[in-house]
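Listed here are the chains, written in short residue letters.
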Amino acid sequence: MLRVDGIDLSYGDLQALWGVSLTVNKGEIVALIGANGAGKSTLLRAITGMVRIRKGSLDFNGVSLSKVPTHVIVEAGIYMVPEGRGLFPGMTVVENLEMGAFIRRAREGKGKNLERMFDMFPILSKRRNQMAGSLSGGEQQMLAIAKGLMSDPALLLIDEMSSGLSPIMVKQMIQLVKRIRDEGMSILIVEQNVFSALKLADRGYVIENGRIVTQGESASLLKDGHIKAAYLGIT
Amino acid sequence: MLHVYLQVLVYGVYVGSLYGLAAVGLALVFGVMEILQIAHGSVVMLGAYAAFWFFNLYGIDPLLSLPLVAIIFFLVGAFLYRTLFAPTTKLPTEVKVRNSMLLAFGLILVLDNLTTIAWTGNIRTVSTFYQGLSFGFLGIQIPCVGLLSLILAALLIVGLHLFLKKTYLGKSIRATAQSAESASFTGVNIGRTYSIATGIATALGACAGALVLLSSGVDPTIGMDWTLKSLLVAVLAGTGNVGGVFVCGLFFGVLEAIGSIFMGPYKEVIGLVIFLAVLIWRPQGLFSKQR
Ligand SMILES: Nc1ncnc2c1ncn2[C@@H]1O[C@H](COP(=O)(O)OP(=O)(O)OP(=O)(O)O)[C@@H](O)[C@H]1O
Ligand SMILES: [Mg+2]
């Protein structure tokens, strides 16, 4: 469904991605792991058209994304929960969720989806008229995900899913991601906690210095000696 | 004596409603894109000319041509954004504010001078049956034009407020103001949103101009004064709150009117002194919640 093929990307003179390829299939959870500065966010931003690639190709369901502006990519069904959550702090919880359903395709189902989100996240229902900026970190993360789900995406990209969340909240998030996958959505997650990311995902990619160095089924990555040593601290 | 004060108050509220209406446009553009559109006063001036020509050539009353003027200047604003300001939006904030201000300054020179060349420096006025009318109330005279201006300005402001709060397009403008990047992640076309916001701001400025025409006429030099007033009011209020900007405009109008009793020609000083005081005491503006 999403095919990233041999992309190069530079910020000025600094090349951040080198021939990166990755695929996400329908109904799949894929984890992207790597150290700080490896290029994970850059790859997600390239997929959503926020930064332009120099070489290679990006396509989604057979349609090329390489020259398409972000808002069209969102219309096409890719939604990204960015690092820093991408909320509108001076707008209420409900308004943030409504903005999640901004694209035409999602507007019809807005009312129903809003109820669904409030079922899924009762705390957001309680805070519905509060400014998003006044929510706790965990509540903001829930709102960020709920806002993404409001757009009925086919592919959800989540950067730093568990940042700022308590262990209990992380568990809940993982349950949630599984649940939305079971509804047929594909998910690409970037996650600091490599162990739980690989436990959750079907497949994983390891990125180092802008290059994909390892990829495969999560189960086999968890047994991989290099990953154990570099990311799991197991020797 | 009380009558004099009340009379001055009435006058102040009337002028202030125009200050508020003009300032809202400037505040909107700055609040949404951090573009300092200091040619906004020239827009007010051109709006007045547009209403004048509709009256002069086609006999359309300025109050009736208001929707036409609004539509024309909406398009003018969107065009100005696309051709002039769009390239600055990608710059970092400080550079953006400075460069947009310089561009707008150039625009002032072009617009004001072209206006003088095309339509001479003469003052242009219209005369309608209601301009002379006024009615007495508790011993003070309320001019008909003043009341109409206040009502129309207030309606436009309430309309803008509801638009920003209730409609998808309005919400997307507010969202874009908070974070253009986050808004584009929800599928908002930022360039289009900026064009629309500039269009609305320009239309509001031109509407203010049409009302100015009714009260005091227009000549090519009034632009700078309206830019200054709009800027003072917008900075006083902060840019986050449409209603706040309008209230500040009223406040400013009243203050200036009262000042004119005591200080005569030096009334302008009052505004500037208050302006400084607010900057020192509440640099984010009187009505701003964040930023
Ligand atoms: N806007 C930018 N301009 C210049 N260089 C950038 C920019 N954004 C990222 N970089 C550089 O690109 C490289 C990859 O950054 P990126 O944000 O993709 O890393 P990451 O894997 O997401 O890291 P983290 O885990 O810390 O979020 C880094 O070396 C970073 O310094
Ligand atoms: Mg990152």
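Source: prediction; values computed, not measured.

Reading guide: rules and limits
- Residues numbered from 1 in each chain as written.
- Chains lettered and ligands numbered in written order.
- Predicted model: local features only at pLDDT ≥ 70, side-chain atom pairs only at ≥ 80, totals over all residues.
- Heavy atoms only, no water.
- Helix = DSSP H or I, 4+ residues; strand = E, 2+ residues; numbered from the N terminus.
- Buried < 20%, exposed > 50% of the residue type's maximum accessible area, 1.4 Å probe, protein only.
- Contact = heavy atoms within 4.5 Å.
- Areas by Shrake-Rupley, 256 points an atom, 1.4 Å probe, with all protein chains shown as cover.
- Lys, Arg positive; Asp, Glu negative; His and termini not counted.
- Charge placed at Lys NZ, Arg CZ, Asp CG, Glu CD.
- Core = buried A, V, L, I, M, F, W, Y, C linked by side-chain atoms within 4.5 Å.
- Near = heavy atom within 4 Å.
- Polar contact = N/O pair within 3.5 Å; in protein donor to acceptor, adjacent residues only side chain to side chain.
- Nonpolar A, V, L, I, M, F, W, Y, C, P; charged D, E, K, R; others polar.
- Buried area = accessible area lost by both parts, 1.4 Å probe.
- Salt bridge = Lys/Arg side-chain N within 4 Å of Asp/Glu carboxyl O.

(A) Geometry of the overall build of chain B. Summing up its helical and strand segments, chain B has eleven helices and two strands in all. Its helices and strands in sequence order give chain B the pattern α-α-α-α-β-β-α-α-α-α-α-α-α, from N to C terminus. Along the first, second and third principal axes, the C-alpha atoms of chain B reach 60 × 50 × 35 Å. A buried classification covers 52% of the 291 residues belonging to chain B. Sequence-distant contacts in chain B: of pairs separated by 6 or more residues, those separated by 24 or more amount to 75%. Surface accessibility of chain B: about 12,900 Å² in total, with carbon and sulfur atoms responsible for 72%. Positive and negative side-chain charges of chain B, numbering 15 and 9 respectively, have mean locations separated by a distance of 13 Å.

(B) Structural view of the nonpolar core. Core analysis: the biggest nonpolar cluster contains 142 residues, and Leu 156 and Ile 158 of chain A have the highest contact counts within it. With 16 residues, the top contributor of residues to this core is helix H8 (residues 190–216) of chain B. When neighbours within four sequence positions are excluded, Leu 156 of chain A is seen to be in contact with Tyr 79, Val 81, Gly 148, Leu 149, Ile 180, Met 185, Ser 186, Ile 187 and Leu 188 of chain A. In terms of nonpolar packing, the next biggest core, distinct from the first, is built from 32 residues, Ala 16, Leu 17, Val 24 and Phe 60 of chain A among them.

(C) Fine view of the site of ligand 1. Residue and element names in this part refer to chain A. Neighbouring ligand 1 are 14 residues; Gly 37, Lys 40, Ser 41, Thr 42 and Glu 83 lie closest to it. Within the contact set of ligand 1, a nitrogen atom lies 3.5 Å away from a side-chain nitrogen or oxygen of Tyr 11. One of the side-chain N or O atoms of Asn 36 is found 2.9 Å from an oxygen atom in ligand 1. Elements represented by at least two residues in the shell around ligand 1 include exactly strand S2 (14–24) and helix H1 (40–47). Examining the composition of the shell around ligand 1, we find that three residues originate from one element, H1, more than from any other. For the shell around ligand 1, the per-class residue count stands at five nonpolar, six polar and three charged.

(D) Layout of the interface of chain B and chain A. Taken together, the contact between chain B and chain A spans 18 residues of the former and 24 residues of the latter. Buried surface at the junction of chain B and chain A, both sides included, amounts to about 1,900 Å², of which 62% is carbon and sulfur. Of all residues in chain B, the largest losses of buried area upon contact with chain A belong to Tyr 168, Phe 185 and Thr 186 of chain B, amounting jointly to 41% of the total for that side. We note a salt bridge from Glu 95 of chain A to Arg 174 of chain B, for which the minimum N-O separation is 2.9 Å. Looking at the side of chain B that touches chain A, the elements with two or more residues in it are helix H6 (168–178) and helix H7 (180–185) of chain B. Counting residues per element, the side of chain B that touches chain A draws most heavily on H6 of chain B, at six residues.

Fair warning: the whole summary comes from geometry, so function is off the table for now.
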